[in-house]
Amino acid sequence: MSRPSTLRSEPAGPGGQPTGRVAPLTQYVLKLASRCDLACDHCYVYEHPDQSWRRQPRMMAPATVLAVAERIAEHAATHGLDAVRVVLHGGEPLLAGAARLDATATTLRRVISPVTRLDLRMQSNGVLLTPAICDVLVARDVKVGISLDGDRAANDRHRRHANGASSHHQVLRALALLRSPAYRSSYAGILCTVDLTNDPIRVYEALLAEEPPRIDFLLPHANWDSPPFRPDGLATPYADWLLAVHRRWLADGRPVPIRLLESLLATAAGHGSHSEAVGLGPADLVVVETDGTFEQVDSLKSAFDGAAATGLDVFRHRVDDAAAHPAIAVRQTGLAGLCGTCRACPVVRHCGGGLYAHRYRAGDGFDNPSAYCADLLKLVRVVTTAPAAEEPPRPADSLSPQVLDDLASGTGTAGSAEQLADVHLALVRALLVALSERAASDPVAAEGWRLLVHLDDTHPGAVRAVLAHPFVRWWARRCRDGAAELSHLACVAAAAAVRARVRADLPVPVRDGVVSLPTLGALAVGPERGVVRLVTDDGEVRVGVRRVTADAGRGSDPAREDAPDGWLPVRPVHGDGVRLLLEDTDPYRDCYDLPVEPRLSAAAAQRWVRQLERAVRRIDAETAGYAAGVRILLRAVVPLRTEPTGRSRSAAAGTAFGAVAVTAVPDDAALAVLLVHEVQHLKLSAVLDVCDLFDPDDTRTLSVPWREEPCPVRGVLHGVYAHLAVADVWRHRPGPAAEGHHRRYRAWTDTAVDALLDLDVLTAAGERFVQGMRATVDGWP
């Protein structure tokens, strides 16, 4: 999970850097192995001028890994870094085997994670990837990129074994492993080296077929002394190759991020680049070889022997010393670090002079334009002036066009629902990271944070289950705004410890006489407010002499009266694939404009649970298209107080994503409609968390048929999306009354969709989303 950032030890100077210090480094390439099981003829490590690999130990020793980790943690603490990225590299890092990889990742996380968030990655050829290694990658949250140059003919042009044998089938086997549900979370993407001999569209299609989260195209390493291959008569063949991919990529709707193209689009929109190959962003990276020596970016090995050397190592020197090395420091100076030709170029802010290694020429070093200058000039001019450059590219953790199209239908597959759940979890983690700095000054919250960070390494499933609880996000947001108690973080951590069935001993806050454990329940302890010491061990909770079993199974029977030991468990709703709680204990469930019920009696809880079970089964049977959203996204139902008029009410809030609040209703048929209606609001809230569907600065309102006052665009979108689903539910029910309800909700949806499309307030993604809803309605009989 995201980690706390350490407070700066001195005032920050211009640009946010500590006064009087070097610009910090945030990216580290660890050469875990110095040898490789392939003999790729375009490899800059083995086939270019620098042959220092021959003098390196075959593997990085555990003591070196520890020294590297300590240096990184020291540097992060000194500069107050929010996050660092460490890439396990080679050679081929998989030569280390599962056990050494596990030990390496464990050491890095144990040492670095208490100081800053660690983004741990690996770049591999994939040949030796096995399920056992994938288990390590998932358990230690290591994202792996795989090198693949296209189909078999393209890949085998360079990426072969030393005996000439193909590696293609082994790489495809690795990619199949990473695509599987068990290991998909560790699939980072594919790296492909451009070869003009390979057809660009066939390469693109071969890569796309492997369903990568991201594609990265690299130009083959070359410089002015060893210029890139160019067929006779072609001035910009590499730009032409990449632009063929670009055209097809745009025609396909940008189905996957392509790092080089996304980076140029980002610079066109005024943002920073995502790649060191283009843009003026600082190259804040250092390499650590297997013997512990610090080196510059390893692509410099393609220039001359010793080009990457610094004379520094992790045993005798700090990362600050490496960052201050002139050859590293100059690459963090942006425009000022480029040659005069580049500084005068009109596209320099997009191109950035190209990859540093490609600028080398004997005699004047790297003070030159790129050997690919003509190609970069053409590529930049075409990509940054194409229509797709008019809007900023979406962030990598956004929703793909395919997911948006799927959700626009109104229903949405299980895969799309899972992505929305991931968006929610990412936002919760981000909120907690934002709170972690304040937690350092709160003794109760600080102990909770340390425990949560530890559990996220050792028992990530338990932490995920608690952070996914709707009211953890609502508490964190209120806490960020100064409206909630930071000490509740200890309750979140304690709940994760109970779920992990591990021993923990920490202080927790008492609120209104109870200690709340999200997803589990609450323990009545006596005093109205204060702090008590809580001990968890193997699913049990102890406060003083009071000991209770607090795991989720304790509340499995909703008919059970609350025990005299003071434990108030949540009541789970059972059913195939259902992860739903009847929530009447969480102190932060009161986040709606409607009053919530207090703790329910056993009899009332049993009625609620049975009705919820029947309602979910009814959704499965009547409108299966909405079942995935309900089953995956709905985590808690909060009973609302019944109004004196008897009117049925329901509510959902994006800031309490995963929860629906409802009043008691006559039967499961009515409850099913309310659940589908409110889950639609949850789905759209998650979409709007990461996707701009309309111009937020446009304050115009629309008249809608379901309310008297005009409604802002966000409210209209929510209403349309929810009413579309309600109309669909009634469409599947028999009888004239159901037909009447269907016609009314369908008419409301029709009217509001037309109004949205006519208002000219939607973004391109928003118009596509609303058109998707229009297509669904038009497709009904």
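Note that the coordinates shown come from a computational prediction; the quantities given were computed from them, not determined experimentally. Each chain carries its own residue numbering, running from 1 in the written order of its sequence. Confidence filtering applies because this is a predicted model: local features only for residues at pLDDT of at least 70, side-chain atom pairs given and counted only at 80 or more, and all residues used for totals across whole chains, interfaces and linings. Excluding hydrogens and water, the side-chain figures rest on all heavy atoms present in the structure.

Colleague: Where do I start with the packing of aromatic side chains in this structure?
Modeller: Within a pair of aromatic rings, the relevant descriptors are the distance that separates the centres and the angle that separates the planes. Centres within 6.5 Å are what make two rings of Phe, Tyr or Trp a pair, Trp counting through its six-membered ring; a difference in plane orientation under 30 degrees is then read as stacked, over 60 as edge-to-face, and the rest as tilted. Applying the stated criterion across every chain yields a total of 8 aromatic pairs. Plain terms: the ring middles of Phe-304 and Tyr-360 are 5.1 Å apart, the flat faces sit at 40 degrees to each other, and that makes the pair tilted. Linking Phe-304 in the loop between β8 (293-295) and β9 (309-313) with Tyr-360 in the loop between α12 (348-351) and α13 (373-385), this pair joins segments that are 56 residues apart in sequence. For every residue, the accessible area obtained with a 1.4 Å probe (protein chains only) is divided by the maximum for its type, and the residue is called buried under 20%, exposed over 50%, and partly exposed between those limits. You can call Phe-304 partly exposed: its relative accessible area is 31%. Secondary structure elements are defined from DSSP: runs of H or I of at least 4 residues count as helices, runs of E of at least 2 residues count as strands, and each element is numbered from the N terminus.

Colleague: Just checking my understanding: could you explain the pairing of strand β2 (residues 83-89) for this structure?
Modeller: The side chains of a regular strand alternate between the sheet's two faces. Of all 7 residues that make up β2, 6 are buried, and the element is covered over most of its length. DSSP bridges decide pairing: two strands pair if at least two such bridges lie between them. Of the pairings in the sheet, the one linking strand β1 (residues 27-31) to β2 comprises 5 bridges and is parallel in character. Along β2, the bridge assignment pairs Val-29 with Val-87. Following the chain from β1 across helix α1 (residues 62-79) to the adjacent parallel β2, one finds a crossover that is right-handed. Judged from the 6 bridges that link them, β2 and strand β3 (residues 117-124) form a sheet pairing that is parallel. Within β3, the position partnered with Leu-88 by the bridge is Met-122. Between the parallel pair β2 and β3, the chain is carried across by helix α2 (residues 97-112), and the sense of this crossover is right-handed. Here the term right-handed applies to a crossover when the path leading from its first strand over the helix to its second strand runs clockwise, the strands being oriented away from the viewer.

Colleague: What should I look at first to understand the environment of Ser-186 in this one?
Modeller: Mapped onto the elements of the fold, Ser-186 is located in the loop between α5 (168-179) and β5 (187-193). Exposure remark for Ser-186: the relative accessible area of 2% places this residue in the buried category. Once the C-alpha coordinates of Ser-186 and Val-65 are considered, the two residues, 121 residues apart in sequence, prove to be 22 Å apart. Two residues form a contact once any of their heavy atoms are found within 4.5 Å. Beyond its immediate chain neighbours, meaning those up to four positions away, Ser-186 contacts Leu-137, Val-138, Val-142, Lys-143, Val-144 and Leu-178.

Colleague: I would appreciate a short explanation of the sheet that holds β3 in the present structure.
Modeller: Pairing between the strands of a sheet comes from backbone hydrogen bonds, and it takes one of two forms, parallel or antiparallel. Pairing in this open sheet of 9 strands is mixed, and the strands run β6-β5-β4-β3-β2-β1-β7-β8-β9 from one edge to the other. In this open sheet, the two edge strands, each paired with only one partner strand, are β6 (215-218) and β9. The average angle at which neighbouring strand axes cross in this sheet is 25 degrees, direction not considered. Set on the sheet, α5 makes contact with β4 (142-147) and β5; between it and β4 the angle comes to about 150 degrees. To get an axis, a line is fitted to the C-alpha atoms, and for a helix only the part in contact is used. The angle between two axes follows their N-to-C directions and goes from 0 to 180 degrees.

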